[in-house]
Amino acid sequence: MPATATKLNGIAAATADAVAAKPSNAQVVFAASAVATEGVSSQIGLRSFSVTVDEPPTLGGSDSAPNPVEYYLAGLLSCQVVTYRFWAERLGIEFDDLKLSAEGDLDVRGFFGLDPDVRPGFTAVRVIVDITGPASEDDYRRLQEVVEQHCPVQDLTANPTPIGTELRVTR
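What counts, and where the lines are drawn
- Residues numbered from 1 in each chain as written.
- Predicted model: local features only at pLDDT ≥ 70, side-chain atom pairs only at ≥ 80, totals over all residues.
- Heavy atoms only, no water.
- Core = buried A, V, L, I, M, F, W, Y, C linked by side-chain atoms within 4.5 Å.
- Buried < 20%, exposed > 50% of the residue type's maximum accessible area, 1.4 Å probe, protein only.
- Helix = DSSP H or I, 4+ residues; strand = E, 2+ residues; numbered from the N terminus.
- Disulfide = S-S within 2.5 Å.
- Phe/Tyr/Trp six-rings, centres within 6.5 Å; stacked < 30°, edge-to-face > 60°.
- Axes fitted to C-alpha atoms, helices over the stretch in contact; angles between N-to-C directions.
- Parallel < 35°, antiparallel > 145°, perpendicular 65-115°, else oblique.
- Contact = heavy atoms within 4.5 Å.
- Nonpolar A, V, L, I, M, F, W, Y, C, P; charged D, E, K, R; others polar.
- Pairing = 2+ DSSP bridges.
- Salt bridge = Lys/Arg side-chain N within 4 Å of Asp/Glu carboxyl O.

Explain the nonpolar core to me, please; I cannot follow it from the model alone.
Looking at soluble globular proteins, one finds that nonpolar side chains tend to be buried together. Core analysis: the largest hydrophobic core is formed by 13 residues, its most contacted members being Tyr84, Leu91 and Leu143. Contributions of two or more residues to this core are made by α2 (68–91), β4 (97–106) and α4 (137–150). With five residues, α2 is the largest single contributor of residues to this core.

Structural data, given as structure tokens:
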């Protein structure tokens, strides 16, 4: 189905034009900052926004906010929502309602260093997508495939991303 003219399609077209005119326009940098606060909590700065991160008492926190892996799940789900909306418009696939949920399995032996063979991150993440609308099940399955191919947060998990850390010690 051809894409229809929508706000997201307009953004995609303008981006394609900008990148065609100057390939470096495709490069975007996102940034965050963190300040350690009381206990194991932290205050995170994201553009003009601020979020608090903490842990449940079983992991040393006071349970004042979601923990980092819960924010990861939130990031994955919210990124998928954006990607579903964007690609549904690009593909001309309509939906009436979209709800997602996720859960991840984490073995704390990796984080606490109790077993060197256990990774500290999720060993599995399960996402459930409930979608309703007038399109066929085949259209929604095709949309799901495209979302999984293009969701940036899903890509961060599925593919290694180099991380460089610079330690600066001030006395």
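The discussion continues.
So what exactly am I meant to see when it comes to the state of the cysteines here?
What makes a disulfide is a covalent bond joining the sulfur atoms belonging to two cysteines. With the rule as written, the count across this model stands at zero disulfides. Here Cys79 is not disulfide-linked; the sulfur of Cys151 is the nearest cysteine sulfur, at 3.4 Å.

Explain the packing of aromatic side chains to me, please; I cannot follow it from the model alone.
Aromatic ring pairs: the centre-centre distance and the angle between the two ring planes describe each pair. By the definition in use, this model includes three aromatic pairs. Plain terms: the ring middles of Tyr72 and Phe122 are 5.9 Å apart, the flat faces sit at 50 degrees to each other, and that makes the pair tilted. One end of the pair, Tyr72, is in helix α2; the other, Phe122, is in strand β5 (residues 122–132), with 50 residues separating them in the sequence. A residue is classified by how much of its surface remains accessible, and Phe122, at 14% relative accessible area, is buried. Seen from their ring centres, Phe111 and Phe112 are 5.1 Å apart, and the 75 degrees between their planes marks the pair as edge-to-face. Look at Phe112 and you get partly exposed, because its relative accessible area is 43%.

Quick question: what am I supposed to make of the packing of helix α1 (residues 7–21) against α2 here?
What describes two packed helices is the angle between their axes and the distance between those same axes. Across the interface, α1 lies against α2 with an axial gap of 9 Å and an inter-helix angle of 85 degrees. Judged on the interaxial angle alone, α2 and α1 are roughly perpendicular. Contacts from Lys7, Leu8, Asn9 and Ala12 in α1 reach Arg85, Phe86, Glu89 and Arg90 in α2. Here the residues of the contact of α1 with α2 sort into three nonpolar, one polar and four charged.

How should the environment of Leu77 be read in this particular structure?
Inspection of the secondary structure assignment puts Leu77 in helix α2. The exposure class of Leu77 is buried, given its relative accessible area of 17%. Measuring from C-alpha to C-alpha, the distance between Leu77 and Lys99 comes to 9.3 Å, with 22 residues separating the pair along the chain. When sequence neighbours within four positions are dropped, the list of residues in contact with Leu77 reads Leu100, Ser101, Ala102 and Val127.

Any chance you could explain the sheet that holds strand β1 (residues 33–36) here in plain terms?
In a beta sheet, neighbouring strands pair by backbone hydrogen bonds and run either parallel or antiparallel. Ordered in space as β1-β2-β3, the three strands form an open sheet in which the pairing is antiparallel. Two strands in the sheet have a free side with no partner beyond their single neighbour: β1 and β3 (49–53). Direction aside, the axes of adjacent strands within the sheet are offset by 20 degrees on average. Summarising the sheet, β1 and strand β2 (residues 42–46) pair through four bridges and their orientation is antiparallel. Directly across from Ala36, in β2, lies its bridge partner Ser42.

Sorry if this is basic, but what is going on with the pattern of salt bridges here?
Pairing is possible between side chains of opposite charge, provided their charged atoms come close. This model, assessed by the stated rule, comprises eight salt bridges. Note that Lys99 and Asp97 form a salt bridge whose closest N and O atoms lie 3.8 Å from each other. Linked through salt bridges whose partners overlap, the residues forming this network are Glu103, Asp105 and Arg126.

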